[in-house]
Amino acid sequence: MRSMPAEPRQDLDALAGRLLALPAASDLVAEGGRVVALRPDAAIVRGLPAHARIGDVVRFGALREQALGEVLHIEGGECIVARMTGLSGLVVGEAAFHLGAIRPQADESWLGRVVDALGRPVDGRGPLASTRARARAGQRHGALDRGRVSEAFRTGVRVIDLFTPLCIGQRFGVFAGSGVGKSTLLAMLARAGAFDAVVVALVGERSREVREFVEDTLGADTMAKSLVVAATGDESAIMRRRAAPLAMGFAEALRDRGRRVLFLLDSVTRFAHALRETGIAAGQPPVQRGYPATVFAEMPMLLERAGPGGAQGGSITAIVTVLVDGDDHNDPVADTMRGILDGHLVLERAIADAGRYPPVNALSSISRLASRVWTPQQAELITSLRALIARFEETRDLRLLGGWQRGVDPELDKAVETVPQIYRALHQTPQHPRSADPFAELAELLRHENRAG
């Protein structure tokens, strides 16, 4: 048998090398169907492959700009596909290609970057590694496989470290109405030095606030070890719903490598709003103040992924903000979140209006792990301070009406004398230095107040 000449063999080898370098056939050939109907919030697609699932991504072809959607509902060969990006030019008969459960697979090279809910960079610093990959389930830790939460960390915010101390691996909420200072307080917490990495999910925020958060709030040093996933308020509900799980997935990947991760979500209420919009688009009936039942199932599924890991030793400490609609702290989202979290901080508009920052209501705030942080003496001191504050606040109207006389009630006399000093001692803005030893600082500030008095 004659051997093949050297030149044709080289050509064949070169061709084989090029073929091997091409993507898999499944990435070159896409299955799909057609748009058969349009709704204001979704498209009805017929002809998607039988293996299409809820949550899969669909690309609409023949548009000048790439338009994406997500499968929300499948019935009788038809799929409800909600808008992700740019469906304004969609028409009946448009081709719809099934892309599958595609989500970005982040790695540590993403630290220091800002991405959208699809993992695409939005900071103008070039492409990211592995910006598109098939979805991969994170490692799930069973209830008895997780480590215990016991190690305290200092946030540097005096009122928190005194009244609601936190632990590594805890899940904590900041509850407040709009414009009361949630994001500013979150920025102060992001600078805590106890973590190897910070993962931030900005859901439904104003567009201008993303850059301010990255450049001013985090700063260059913290941003170098942070990943920010942003889905602003002008983006679709699907994008806003995807941002938080994407950020949590990256935090889980770091935790499983033994890292201590701080996960910040601002805000979980806007995440719930996005879940409500997509649920209604899928035809789910509202059951409580317009929220479908799936909303109250999705929130614990997200937040239960935080906490300590397994044998690797990593952890995710989650701090989330809860936007209290109409300052109603018993609205469905706030009420559900209190049952999920390991503690919460309540910010009140009246306290902010009085010029006290952070505007924390120390009586309504609680950390369920505080007993693992305080010494017996510290717990006794905080209990007595709470009692004084409660006495001071419950008699405010009485004192304004002139119903208090010094010497009649010694406990009230002590509260009137001490609580204003406590409030001044707890005042701390982002421009103030971080607290290193809150109990010692409180004692020193109170001594200074008494000398000045």
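Going along each chain's sequence as written, the residues are numbered from 1 onward. pLDDT decides what is reported in this predicted model: residues at 70 or higher carry local features, side-chain atom pairs at 80 or more are listed and counted, and totals for whole chains, interfaces and linings draw on all residues regardless. In computing side-chain properties, one takes all heavy atoms of the structure into account and sets aside hydrogens as well as water.

1. Remarks on the pattern of salt bridges
We count a salt bridge whenever a side-chain nitrogen from Lys or Arg sits within 4 Å of a carboxyl oxygen from Asp or Glu. The full count for this structure, using the stated rule, is 22 salt bridges. Measuring nitrogen to oxygen at the nearest pair gives 3.3 Å for the salt bridge that ties aspartate 335 to arginine 338. Of the two residues, aspartate 335 and arginine 338 both sit in helix 9 (residues 332–340), three residues apart, roughly one turn of that helix. Salt bridges here are not isolated pairs; linked through shared partners, they connect Glu70, Arg241 and Arg242. What counts as a helix is a DSSP run of H or I of at least four residues, what counts as a strand is a run of E of at least two, and both are numbered from the N terminus.

2. A look at the sheet that holds strand 2 (residues 42–46)
At least two bridges found by DSSP between two strands is the condition for calling them paired. With antiparallel pairing, the six strands of this closed barrel are ordered in space as 1-2-5-4-3-6. Neighbour to neighbour, the strand axes of the sheet diverge by 45° on average, direction disregarded. Examined bridge by bridge, strand 4 (residues 67–75) and strand 5 (residues 78–85) share seven bridges and lie antiparallel to one another. Its bridge partner lying in strand 5, glutamate 75 is registered against glutamate 78. Should any heavy atoms of two residues lie within 4.5 Å, those residues are considered in contact. Convention adopted: a line fitted to C-alpha atoms gives each axis, helices being fitted over their contacting stretch, and angles between N-to-C directions are expressed from 0 to 180 degrees. Lying over the sheet, helix 6 (residues 237–255) contacts strand 3 (57–60), strand 4 and strand 5, oriented at roughly 80° with respect to strand 5.

3. Here's the deal with helix 4 (residues 182–190)
With respect to burial, helix 4 is a largely interior element, seven of its nine residues being buried. Three exposure classes are used, based on accessible area relative to the maximum for each residue type with a 1.4 Å probe and protein chains only: buried under 20%, partly exposed in between, and exposed over 50%. Residues of helix 4 that are buried: Lys182, Leu185, Leu186, Ala187, Met188, Leu189 and Ala190.

4. Examining the side chain of arginine 399
Here arginine 399 lies in helix 12 (residues 396–400). This count recognises Lys and Arg as positive and Asp and Glu as negative, with His and chain-terminal groups excluded. Buried arginine 399, no salt bridge; nearest opposite-charge side chain is glutamate 393, N-O distance 5.9 Å. Leaving out residues up to four positions away in the same chain, arginine 399 has contacts with Phe392, Trp404 and Val416.

5. Here we look at the nonpolar core
For soluble globular proteins, the rule of thumb is that nonpolar side chains tend to be buried together. Counting 57 residues, the largest nonpolar core has Val199, Phe263, Leu265, Met299 and Met337 as the members making the most contacts within it. The element contributing the most residues to this core is helix 6, with 10 residues. For leucine 265, the contacting residues outside a window of four places in its chain are Ala201, Val203, Ala244, Leu302, Ile319, Val320 and Thr321. Remark: nonpolar core denotes a set of buried residues (Ala, Val, Leu, Ile, Met, Phe, Trp, Tyr, Cys) joined through side-chain atoms within 4.5 Å.

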